Structures are given as C-alpha cells and as structure tokens.
Amino acid sequence: AKLDGFCYLFKDKITSAPTEEDPDIWMPYNIGKVRSTGLDVLAGISHSGAWTYALDARYTYQSSLDMTPDSYSYGMQIPYVARHVVVLSGQVEWKGWNLSSVWQLRSGRTDGYGTLPDWNTLDLTLSKEFAVRKCGSFRLKASLYNMLDCRYETVSGYPMPGRNFIFGVDFNF
C-alpha cells in the first residue's frame, strides 16, 4: 500500500484548446498561476508460484485550480484535469499465458466551457509467451479495449473510439 500527498504551484502553465472560429484548430494558451493539490492512494496484492496473480487499486484526487488574479476562471478546475481517477487492474499468469484487465474511471473534468461527462473503460489483454532456443522469446497478444463500448470524449466534440481491438507480436532478443 502507498499513500502520497502533493502540492504543486505552477507559474505560466500552458495548455491547449480548440479555437471558437474552427474547433479543428487548437491553440496554446497560458494560465498564469495554478495550484495543484491532491492525494494518490495505491493498494495491491500479488502472489508468485505456478499461478501468478496481482491485483491493484489506485485512486487519485487532484484539485488543480486557476489562481491567476482577475482571471475569468479564477478558483475553477483547469481544463481537462480529472478531479477523480480510479484504476482497478488485475493480472493472472500460468505457463506463459497471461490475462490482464484494467478498469478506469475519470470524473470531475471541465473544458473551459463547462463540465465534461464522466467516463470509464474496461480493457482486457490475453497473451502467450513462447521461448525460442538461443534467440530469446516472442509473445502473441490480443487486446480488447473499451470492452463495454462506453461512448466518451476526453475533449468535448472529439469522440474516442468505442469497442476496438488489436493483435500483436512482441520479440525479445
């Protein structure tokens, strides 16, 4: 288990946002002063043996406020920074087979115009490692991302992919 607290004071924080004239064109802009405070909590268990497993739970609370005097967003959460992040992950391995999953939630985000909807995703990956004599190994893997097909936007007006998958091969020499 691990618990961390933090407090950062930024000066001249640069972020980007879509322009009003053309939302496809993003421009950087400056936030004069930002105070970011928060807490990270992590707890996990693991076991090694014929069956290896690991389970982790992580929570982050982050208050990142615009502290620029005379700013229109003074005292408000800066854009695109989630106030709450929860990540639950698990992994099981047996004879070179590996199954892992990650569920994550993001909430308390804004985009400078208002509150953005909360979102969560569930990702699964199945892989198998094969040894190659005198060469190393390779791993075949298949991943299913956003398994529950959650429709979300990390930035307003820019939808993220629904359910999608990828197949891959990793080589270790």
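Our structure's up above, just so we're on the same page.
Every chain is numbered independently, its residues counted from 1 as its sequence is written. Reporting of local features is limited, given that this is a predicted model, to residues whose pLDDT is at least 70; pairs of side-chain atoms are given and counted only at 80 or more, and all residues count toward the totals for whole chains, interfaces and linings. Hydrogens and water molecules were not included; the side-chain quantities draw on all heavy atoms of the structure.

Enquirer: Before we go on, may I ask you to explain the pattern of salt bridges in this structure?
Expert: One speaks of a salt bridge when a side-chain nitrogen belonging to Lys or Arg is within 4 Å of a carboxyl oxygen belonging to Asp or Glu. Evaluated as defined, the whole model comprises four salt bridges. Glu-129 is the salt-bridge partner of Arg-139, the closest N and O atoms lying 2.7 Å from each other. Here Arg-139, found in strand S9 (residues 136-145), pairs with Glu-129, found in strand S8 (residues 119-132); they are 10 residues apart in sequence, far enough to count as distant. For Glu-129, a relative accessible area of 31% corresponds to the partly exposed category. Working definition: helices are DSSP H or I runs of at least four residues, strands are E runs of at least two. Numbering for both runs from the N terminus. Each residue's exposure class comes from its accessible area (1.4 Å probe, protein chains only) as a fraction of the maximum for that residue type: buried when under 20%, exposed when over 50%, partly exposed otherwise.

Enquirer: Mind showing me how you'd approach the side chain of Asp-123 here?
Expert: Among the structural elements, Asp-123 can be located in strand S8. Arg-106 is the oppositely charged side chain nearest to the buried, salt-bridge-free Asp-123, at an N-O distance of 9.4 Å. Think of a polar contact as two N or O atoms within 3.5 Å of one another; within protein, one of them needs to be a possible hydrogen donor and the other a possible acceptor, and neighboring residues in sequence only count if both atoms come from side chains. Reaching out from Asp-123, the side chain makes a polar contact with the backbone nitrogen of Asn-146 at a distance of 2.8 Å. Only heavy atoms enter the contact rule, under which two residues are in contact if any of them lie within 4.5 Å. Those residues in contact with Asp-123 that lie beyond four places of it in its chain are Ser-100, Ser-101, Val-102, Gln-104, Leu-144, Tyr-145 and Asn-146. In this tally, Asp and Glu contribute negative charge and Lys and Arg positive charge; neither His nor the terminal groups of the chain are included.

Enquirer: What am I meant to see in the environment of Thr-60 here?
Expert: Mapping Thr-60 onto the fold places it in strand S3 (residues 51-66). Beyond its immediate stretch of four places on either side in the chain, Thr-60 contacts Leu-39, Asp-40, Arg-83, His-84 and Val-85. There is a polar contact of 2.6 Å between the side chain of Thr-60 and the side chain of Asp-40.

Enquirer: What's the story with the layout of surface pockets in this structure? I'm lost.
Expert: Picture a little ball the size of a water molecule; that probe, rolled over the atoms, points out where space is still empty. Within this model, the largest pocket holds a volume of roughly 210 Å³. Throughout, the protein atoms alone are placed on a 1 Å grid, and a set of points is a cavity if a 1.4 Å probe fits but cannot get out or a pocket if it is open with protein on both sides within 12 Å along at least five of seven lines; lining residues have an atom within 4 Å of a point. Taken together, 16 residues line the largest pocket, and the ones lying closest to its centre are Tyr-29, Asp-66, Tyr-72, Ser-73 and Pro-79. The element that contributes the greatest number of residues to the lining of the largest pocket is strand S2 (residues 26-47), accounting for four residues. Across the lining of the largest pocket, the residue classes break down as seven nonpolar, eight polar and one charged. Grid points are joined across faces, edges and corners, and a volume is the space filled by probe spheres set on the points. Think of it as three bins: nonpolar holds Ala, Val, Leu, Ile, Met, Phe, Trp, Tyr, Cys and Pro, charged holds Asp, Glu, Lys and Arg, and polar takes everything else, Gly as well.

Enquirer: Please explain the pairing of S8 as it appears in this structure.
Expert: Look at any regular strand and the pattern is simple: side chains alternate between the two faces of the sheet. Note that strand S5 (residues 97-107) and S8 share 10 bridges and pair antiparallel. Each bridged residue has a counterpart across the sheet, and for Asn-98 the counterpart in S8 is Ser-127. Two strands pair under a simple rule: DSSP has to find at least two bridges between them. Pairing between S8 and S9: nine bridges, direction antiparallel. Looking across to S9, one finds that Ser-127 is bridged to Lys-141. Two successive antiparallel strands, S8 and S9, enclose a turn made up of three residues, where Lys-134 displays a positive phi of approximately 60°.

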